[in-house]
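Coordinate analysis (summary)
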Amino acid sequence: MEKGCGKVLKLGIVQMSVLEGKVEDNCRKIKKAVESHAADDIDLLCFPELCISGYDFESAALSDREAAFFSELAAEYEIAILAGIHIPEGEKHYDTACLWDEKGELQGEYRKIHLWDTENDFFEKGDELVTVPFRGWNIGMLICADYGFPEVSTPLAQKKNADVMIYPSAWGAGWEDLFTTCSKMRAAENQVYTVALNRASGDAQYCGNSTVSNPDGSTLMRLWTADDAYARVVLEKE
C-alpha cells in the first residue's frame, strides 16, 4: 500500500548509542542513519531520547539547533522524522519529542512530563499531552519515564485519540524486563500500538531492547540486543 493510505503505518526504528555531550559526533551518526534508511519503504524514521546532546547538560545548554538539524535532514532526504531532542526556550530547557514531515516542517512537539533523577536539575516539566495527525494516524508522543504512568497514556488514548504511542527513551542497563513490560501494559490497557524506542549502550550503559507492542499487549517486534540496531515495523488498522 502506498504512503498516506491511512490503513498502515511503516516505521523505521533506530536504536542508537549516543556519546554524551558529543553533539557533532552524534549528528554525524544520525545523518548517516538517515542516509541509510531514507529510501526504505517507511513513513516515519524514529530516533531515541536526547539523541544529539545526551545527558551532558553543559553541552546541552549550548546545543540550540537540534530542532533545526532534524528539520533540515527531513527536508534534504524527504523523509518524516520523529526524534527526542533538547529544546531551549529563553532560560528554560525541555526534554522534547518532535515530529517533522518530509518537507522538514514541524508537525508537533511534546515536552516530557515525568522527569527522572538529575533531569530535574536541568529540564522544566511539560504540562500538555500531544497527538499529531500523520497519514491517517494519530501519533501520541511520550518520553521514557512517562512509560510508567498510565495517568498520561490513558488520556492520550481516550481523550486525544492516539492510535499509536511512541516513546523515545533512555532506559538504563538491567531494566529491559520492566521496559518491555511497560510497553505491553500501556498497549493492552489502552488498546493501541506502543513503540518503546530505547538507546543502545555507548559510553553510558542502556538496555536497548526497543519493542513495539500490539493493541492486545502482544509483541510485534523486539530488538533483543543493547547494541546499535535497526528494524522496520508495519502497523495496521483493522
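Okay, so let's go over this structure. (Residues numbered from 1 in each chain as written. Predicted model: local features only at pLDDT ≥ 70, side-chain atom pairs only at ≥ 80, totals over all residues. Heavy atoms only, no water.)

Points about the pairing of strand E11 (residues 219–222)
For strand E10 (residues 211–213) and E11, the ladder comprises three bridges, and the chain directions are antiparallel. From the neighbouring strand, Ser-213 faces E11, where its bridge partner is Thr-219. From the end of E10 to the start of E11, which pair antiparallel, there are five residues, and Gly-217 there has a positive phi angle of about 90°. (Pairing = 2+ DSSP bridges. Helix = DSSP H or I, 4+ residues; strand = E, 2+ residues; numbered from the N terminus.)

Some points on the packing of helix H1 (residues 23–37) against helix H3 (residues 66–77)
At a minimum axis separation of 11 Å, H1 and H3 run at an interaxial angle of 25°. Relative to H3, the element H1 lies roughly parallel. Both H1 and H3 take part in a crossing whose hand is right-handed. Two secondary-structure elements touch here, H1 through Cys-27, Ile-30, Lys-31, Val-34 and Glu-35 and H3 through Phe-69, Phe-70, Leu-73, Glu-76 and Tyr-77. (Axes fitted to C-alpha atoms, helices over the stretch in contact; angles between N-to-C directions. Parallel < 35°, antiparallel > 145°, perpendicular 65-115°, else oblique. Left-handed = near helix turned anticlockwise from the far one by under 90°. Contact = heavy atoms within 4.5 Å.)

Observations regarding H3
Helix length check: H3 (12 residues) gives 17 Å between terminal C-alpha atoms against 16 Å at 1.5 Å per residue, within 8%. Restricting attention to buried positions, one finds in H3 the residues Glu-66, Phe-69, Phe-70, Leu-73 and Ala-74. Buried residues of H3 fall within an arc of 130° about the axis and therefore sit on the same side. Of the surrounding elements, those touching the buried residues of H3 are H1, strand E3 (80–89) and strand E4 (92–100). Positive backbone phi, approximately 50°, marks Glu-78, located one or two places after H3. (Expected span 1.5 Å × (residues − 1). Buried < 20%, exposed > 50% of the residue type's maximum accessible area, 1.4 Å probe, protein only. Arc of directions from axis to C-beta.)

Looking at the packing of aromatic side chains
Each aromatic ring pair is specified by the distance between its two centres and by the angle formed by the two planes. Tallying each qualifying case throughout the model produces 11 aromatic pairs. Pairing Trp-137 with Tyr-193 gives two aromatic rings, centres 6.2 Å apart and planes at 50°, and the pair type is tilted. Of this pair, Trp-137 sits in strand E7 (residues 137–141) while Tyr-193 sits in strand E9 (residues 193–197), and the two are 56 residues apart along the sequence. On the accessibility criterion, Trp-137 (1% relative accessible area) is buried. For Tyr-193, a relative accessible area of 10% translates into the label buried. Residues Tyr-147 and Tyr-167 carry aromatic rings whose centres are separated by 3.5 Å and whose planes lie at 10° to one another, so their mutual orientation is stacked. Residue Tyr-147 is located in the loop between E7 and helix H5 (150–158), and its partner Tyr-167 is located in strand E8 (residues 164–168); the two are separated by 20 residues in the primary sequence. Judged by relative accessible area, Tyr-167 falls into the buried class, the value being 0%. Ring pairs connect the aromatic residues Phe-47, Phe-69, Phe-70 and Trp-100, which therefore count as one cluster. (Phe/Tyr/Trp six-rings, centres within 6.5 Å; stacked < 30°, edge-to-face > 60°.)

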